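# A look at the structure
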Amino acid sequence: MPMALKSDAFVDGGPIPVRYTCEGEDISPSLYWEDLPDGTESLVLIVDDPDAPDPAAPRMVWDHWILYNLPPEGTLTEGMVSAYLPAGTGEGINSWGRTGYGGPCPPIGRHRYFHRLYALDTRLPGELGTPTKDALLLAMEDHILARTELVGVYEKASVKV
């Protein structure tokens, strides 16, 4: 079976509940993975929105959450914060200029939120510190064994078009 990323909060292609957005508690949904390839030493999770700021005229990709060196065994529980990440997990800088999860908060329209999981054949070096997404993608470039994604959608109730 191919590698899979799943959540108890939403299904692939389905709506992300308000609880996980700026209109709710702005906490991360639970995530878990299955069927990792043999040789997986660590995982990278990147959550981003390619529809920013307006799905009708996207101009940028907004990074919501960046994690690296996640252990192959395990999950991310709902409401995950830095202090409770699995030992050795590194965090990258999101588009708000900080680490940690930032939930969907689209200014206009219905946006797609890609939760991408990469299986790597190594643990990335600690000197990465708190990388940007681009720096992380460069560091993992020759180490990707497999990747999968889980996509959720969200549109603010107050700005539906």
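The paragraphs below set out a description of the structure included in this document. (Residues numbered from 1 in each chain as written. Predicted model: local features only at pLDDT ≥ 70, side-chain atom pairs only at ≥ 80, totals over all residues. Heavy atoms only, no water.)

## Details of the packing of aromatic side chains
Going by this rule: Whether two aromatic rings pair depends on their centres lying within 6.5 Å, for rings of Phe, Tyr and Trp, where Trp uses its six-membered ring; planes under 30 degrees apart make the pair stacked, over 60 edge-to-face, and the rest tilted. Helix and strand labels come from DSSP, where a helix needs a run of H or I of at least four residues and a strand needs a run of E of at least two; each type is numbered from the N terminus. For each residue, the accessible area found with a 1.4 Å probe, counting protein chains only, is set against the maximum for its type, and the residue is called buried under 20%, exposed over 50%, and partly exposed in between.
Counting across every chain of the model gives two aromatic pairs. The interplanar angle of 80° and the centroid separation of 5.4 Å between the aromatic rings of Trp 65 and Tyr 101 together place this pair among those described as edge-to-face. Pair noted here: Trp 65 is in strand S4 (residues 60–70) and Tyr 101 is in the loop between strand S6 (90–91) and strand S7 (111–120), with a separation of 36 residues, a long-range link. Note on Trp 65: relative accessible area 2%, which makes it buried.

## Examining empty space enclosed by the protein
Here is the rule we go by: Here a cavity denotes grid points, spaced 1 Å and computed from the protein atoms alone, that fit a 1.4 Å probe unable to get out, and a pocket denotes an open set having protein on both sides within 12 Å along at least 5 of 7 lines; residues with an atom within 4 Å of a point are the lining. Grid points are joined across faces, edges and corners, and a volume is the space filled by probe spheres set on the points. Under the scheme applied here, ten amino acids are nonpolar (Ala, Val, Leu, Ile, Met, Phe, Trp, Tyr, Cys and Pro), four are charged (Asp, Glu, Lys and Arg), and all others, including Gly, are polar.
All chains considered together, the criterion is met by one cavity of 30 Å³ or more. What the largest cavity holds in volume is close to 30 Å³. Around the largest cavity sit Ile 16, Pro 29, Val 47, His 64, Tyr 101, Gly 102, Pro 104, Tyr 113 and His 115, which together line it. Residues belonging to the lining of the largest cavity are distributed by class as follows: six nonpolar, three polar and no charged.

## Observations regarding the sheet that holds strand S3 (residues 42–52)
To be explicit about the condition: Any two strands with at least two DSSP bridges between them are considered paired.
The strand order across the open sheet built from five strands is S6-S4-S3-S7-S8, with neighbouring strands paired in antiparallel fashion. On the outer flanks of this sheet lie S6 and strand S8 (144–154), each paired with one strand and no other. Relative to S8, S7 is paired through 10 bridges, and the arrangement is antiparallel. The residue of S8 that forms the bridge with Phe 114 is Val 151.

## Quick word on the environment of Trp 33
Quick note on the threshold: Every residue pair with non-hydrogen atoms within 4.5 Å of one another is taken to be in contact. Side-chain atoms alone can form a polar contact between residues adjacent in sequence; in general such a contact is a pair of N or O atoms within 3.5 Å, and within protein one must be able to donate a hydrogen while the other accepts it.
Relative to the elements of secondary structure, Trp 33 occurs in strand S2 (residues 31–34). For the pair Trp 33 and Ser 7, spaced 26 residues apart in the sequence, the C-alpha separation amounts to 8.7 Å. Excluding its chain neighbours within four sequence positions, the residues that come into contact with Trp 33 are Ala 4, Leu 5, Leu 43, Leu 70, Pro 71, Pro 72, Gly 74, Thr 75, Leu 76 and Leu 117. In terms of polar contacts, Trp 33 uses its side chain to reach the backbone carbonyl oxygen of Pro 72, at 2.7 Å. Reaching out from Trp 33, the side chain makes a polar contact with the backbone oxygen of Gly 74 at a distance of 3.3 Å.

## Some thoughts on the environment of Met 3
Positionally, Met 3 belongs in the segment before strand S1 (4–6). The exposure class of Met 3 is buried, given its relative accessible area of 9%. Separated by 33 residues in the primary sequence, Met 3 and Leu 36 place their C-alpha atoms 5.1 Å from one another. In contact with Met 3, not counting residues within four places along its chain, are Glu 34, Asp 35, Leu 36, Pro 37, Leu 117, Tyr 118, Ala 119, Ala 146, Arg 147 and Thr 148.

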